[in-house]
Amino acid sequence: MPEYLTRTLTSIFMLALLALLFYFGTNVIFNITIYAISLVAYLEWLRLTSKSIIFFFPFLVLLIFLHHFLIINLTIFSYVCILLWLLLSIYLFYFRVLLQHFIKKYSLLIGSLIISSFFTFLINLYPSSNTIILDNELIDNKSYFLILILMVTSVDVYAYLCGKAIGKNKIGSDISPNKTLEGYIGSLLLTFFTFYFISAYLNFYWTLLDLIIMLIFILMAFFGDLFMSFIKRTYKKKDTGSILPGHGGILDRLDSYFSALPVFFVWFLS
């Protein structure tokens, strides 16, 4: 079966599951789903970095602790995560060899931090006052998940389509030969216009600050994708797994969320 057809069928299947979750899911089911996704992602990280599966069990305990005994301020934690991702981006572009050695030496710590922070943000993604809408109707946490998923999916899909259609200039061919400058620019513009028109249709009110944060969100999503490509190249792997035919593993689908989630949390919930 051609790869594009496999990717399409898998995407339809995932969208169908997501639709069922949104229509019939409860907060308990959402939490169970977040646990499952995070744990599968961590298993893939252990396999990718050739670490023992024994580390899976303390990681599960860590997630339970973070869920039930949150002892950190999430807004401050969001800013710390954003700064760390920015630091990683600097090292990726200017100190690549040093970053590669660091990843190999501390892969267990890096994976644990990335996936546990992803879990922490999602498990606490509940509504609060929101500055970008006139009528605050987002009273269900499902709405926040929907906005997040639509935004990241738009960034990924537009980057893929623009890269295929007009991509010529590679961005770090030694990291990911399929990433192009044209794909990223096209995705940035199309994502901006898509959500601007959607917000106009739904009577959302955008401030200049919202537009700036959205720009940062998109750029961080780009970097998450690029960083996971660098991880795979470091360990000489094409995909992080095979659970999603045509797409790879769970980590392959979550890469943009890892880096964009802290920005989203600050944007909507701080």
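Conventions used here
- Residues numbered from 1 in each chain as written.
- Predicted model: local features only at pLDDT ≥ 70, side-chain atom pairs only at ≥ 80, totals over all residues.
- Heavy atoms only, no water.
- Helix = DSSP H or I, 4+ residues; strand = E, 2+ residues; numbered from the N terminus.
- Expected span 1.5 Å × (residues − 1).
- Buried < 20%, exposed > 50% of the residue type's maximum accessible area, 1.4 Å probe, protein only.
- Arc of directions from axis to C-beta.
- Contact = heavy atoms within 4.5 Å.
- pLDDT = per-residue confidence, 0-100.
- Axes fitted to C-alpha atoms, helices over the stretch in contact; angles between N-to-C directions.
- Left-handed = near helix turned anticlockwise from the far one by under 90°.
- Nonpolar A, V, L, I, M, F, W, Y, C, P; charged D, E, K, R; others polar.
- Phe/Tyr/Trp six-rings, centres within 6.5 Å; stacked < 30°, edge-to-face > 60°.

Explain helix α3 (residues 56-68) here, please?
An α-helical segment advances 3.6 residues per turn. Residues three or four places apart therefore align on the same side. Taking 1.5 Å of rise per residue, the 13 residues of α3 would be expected to cover 18 Å, and the 19 Å separating its terminal C-alpha atoms lies within 8% of that figure. By the burial criterion, the buried members of α3 are Phe56, Phe59, Leu63 and Leu66. The arc that holds every buried residue of α3, seen down its axis, measures 80°, which confines them to one face. With respect to the buried face of α3, the exposed residues turned more than 90 degrees away are Val61 and His68. Buried positions along α3 lie against α2 (27-48) and α6 (107-123).

Looking at this model, I keep getting lost on the confidence of the model for the protein. Mind explaining?
Caution is warranted with low-pLDDT regions, since their predicted coordinates should not be read in detail. Across the protein, the average pLDDT comes to 82, with 83% of residues at or above 70. Confidence over residues 128-139 falls short of pLDDT 50; this stretch has 28 contacts with residues more than four positions distant or in other chains.

Help me out: how do you make sense of the packing of α2 against α3 in this one?
The description of two packed helices rests on the angle between their axes and on the distance between the axes. Contact geometry for α2 and α3: axes closest at 11 Å, N-to-C directions at 145°. α2 and α3 meet at a crossing whose hand is right-handed. Here Asn31, Tyr35, Ser38, Leu39, Tyr42, Leu43 and Leu46 of α2 lie close against α3, whose contacting residues are Phe56, Phe59, Leu60, Leu63, Ile64, His67 and His68. Broken down by class, the residue content of the contact of α2 with α3 amounts to 10 nonpolar, 4 polar and no charged.

Is there a simple way to think about the packing of aromatic side chains in this case?
In this description, a pair of aromatic rings is defined by centroid distance and the angle of the planes. Considering all chains together, one arrives at 15 aromatic pairs under this definition. Consider the rings of Trp85 and Phe223, whose centres lie 5.9 Å apart with planes at 80°: the pair is edge-to-face. Of the two residues, Trp85 sits in helix α4 (residues 74-94) while Phe223 sits in helix α9 (residues 208-234), which places them 138 residues apart along the sequence. Owing to a relative accessible area of 6%, Phe223 belongs among the buried residues under this scheme. When the ring of Phe217 is compared with that of Phe264, the centres are 6.2 Å apart and the planes differ by 55°; the resulting orientation is tilted. You can see Phe217 sitting in helix α9 and its partner Phe264 sitting in helix α10 (residues 250-269), a full 47 residues away along the chain. Of the residues examined, Phe217 reaches a relative accessible area of 0% and is grouped as buried.

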